[in-house]
Every structure is written in C-alpha cells, then in structure tokens.
Amino acid sequence: VQLQAFGGGLVQAGGSLRLSCAASGRTFSSYAMGWFRQAPGKEREFVAGINWRGGSTYYADSVKGRFTVSRDNAKNTVYLQMNSLKPEDTAVYYCAAGRVAAVSEWRYDYWGQGTQVTVSS
C-alpha cells in the first residue's frame, strides 16, 4: 500500500482544514488507518484512527471534539476534518495503514510522506 497525504496549509486559529490520504492498491479496505503528527522538536504522536470498515474511530484527547476521521473505501481515501484549529495543532501530519487502529505507531506498516499544517494565532 502506498499512501499520499495532502490538504495541509496555513490557516488562522479557529479555522478548518480537511486532510486527505489517498492509497494505492486494492487492499486498502482491509487496513485500519491512522493519522499522526509531529511538531518541531517533538516526537510523533497519535491523532486519530479508524478501523477498516469505518465503524470505529479513536482520537487523542487533545483533538477530541474538534477533529473527525472518516474513510471512503470506494475511493481508497481516508480523511481528517480539523475544526477549531489551534496554534498547538501546527505539525506535519502523516497518515498510516495497519492491521489495527492503534495508538502506537509501530503497529502501522505503511506511511505517507506527510503534509504540513500551520495554524497562526
């Protein structure tokens, strides 16, 4: 599975962005998907996850209620809708595919290249 994340950009605090992650390969629908982010000088952290069917979603406490993860298996795409963005959301955002929607990044087998999100105050 090859992943490509896009949709990042510069937005003011309180604004919204929608990230997309397009996957190649016919096995996309069998994978759980995760979103992670890495801010400068910090370790990469879990943001959100979704199981293969899309029926179960998981969020970091820091984004719960503001971010929504979804997927469209017909389009081989997973999304991260980000609302009420804060300056502390600034990071490079990565999508990843794995067998389970886990918090730990080592549970994911495939990674996209990342897309920069910058939130100005």
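The rules behind these values
Residues numbered from 1 in each chain as written. Predicted model: local features only at pLDDT ≥ 70, side-chain atom pairs only at ≥ 80, totals over all residues. Heavy atoms only, no water. Phe/Tyr/Trp six-rings, centres within 6.5 Å; stacked < 30°, edge-to-face > 60°. Helix = DSSP H or I, 4+ residues; strand = E, 2+ residues; numbered from the N terminus. Buried < 20%, exposed > 50% of the residue type's maximum accessible area, 1.4 Å probe, protein only. Lys NZ or Arg CZ within 6 Å of the ring centre and 35° of its normal. Pairing = 2+ DSSP bridges. Axes fitted to C-alpha atoms, helices over the stretch in contact; angles between N-to-C directions. Salt bridge = Lys/Arg side-chain N within 4 Å of Asp/Glu carboxyl O.

A few points about the packing of aromatic side chains
Logical step 1: Tallied over the full model, the rule gives five aromatic pairs.
Logical step 2: Taking 5.2 Å as the distance between ring centres and 85 degrees as the angle between the ring planes, the aromatic pair formed by Phe-36 and Tyr-108 counts as edge-to-face. You can see Phe-36 sitting in strand S4 (residues 32–38) and its partner Tyr-108 sitting in strand S10 (residues 108–111), a full 72 residues away along the chain. Here Phe-36 and Tyr-108 have matching classes, each one buried.
Logical step 3: Joined through ring pairs, the aromatic side chains of Phe-36, Phe-46, Tyr-108 and Trp-111 make up one cluster.
Logical step 4: Directly above the aromatic system of Phe-28 lies the positively charged group of Arg-71, at a separation of 4.6 Å from the ring centroid.
Logical step 5: Geometry around Tyr-31 places Arg-99 over its ring, the cationic atom sitting 4.5 Å from the centre.

What about the sheet that holds strand S7 (residues 67–72)?
Logical step 1: Read across the open sheet, the four strands follow the order S1-S3-S8-S7; overall the sheet is antiparallel. Pairing within the sheet leaves two strands with one partner each, and these edge strands are strand S1 (2–6) and S7. Sheet twist, expressed as the mean angle between neighbouring strand axes with direction ignored, is 15 degrees.
Logical step 2: In this sheet, strand S8 (residues 77–82) lies alongside S7 in antiparallel orientation, the contact comprising six bridges. Across the sheet, Val-69 pairs through a bridge with Leu-80, a residue of S8.

Quick word on the pattern of salt bridges
When the charged atoms of two side chains lie near each other, side chains of opposite charge can form a pair.
Logical step 1: Tallied over the full model, the rule gives five salt bridges.
Logical step 2: In this structure, the salt-bridge partner of Arg-37 is Asp-89, at a minimum N-O distance of 2.9 Å. With Arg-37 in strand S4 and Asp-89 in the loop between S8 and strand S9 (91–98), the pair connects residues that are 52 residues apart, well separated along the chain. For the pair shown, Arg-37 and Asp-89 are each scored as buried.
Logical step 3: With its nearest N and O atoms 3.2 Å apart, the salt bridge here joins Lys-64 to Asp-61.

That is the geometry; function is a separate question.
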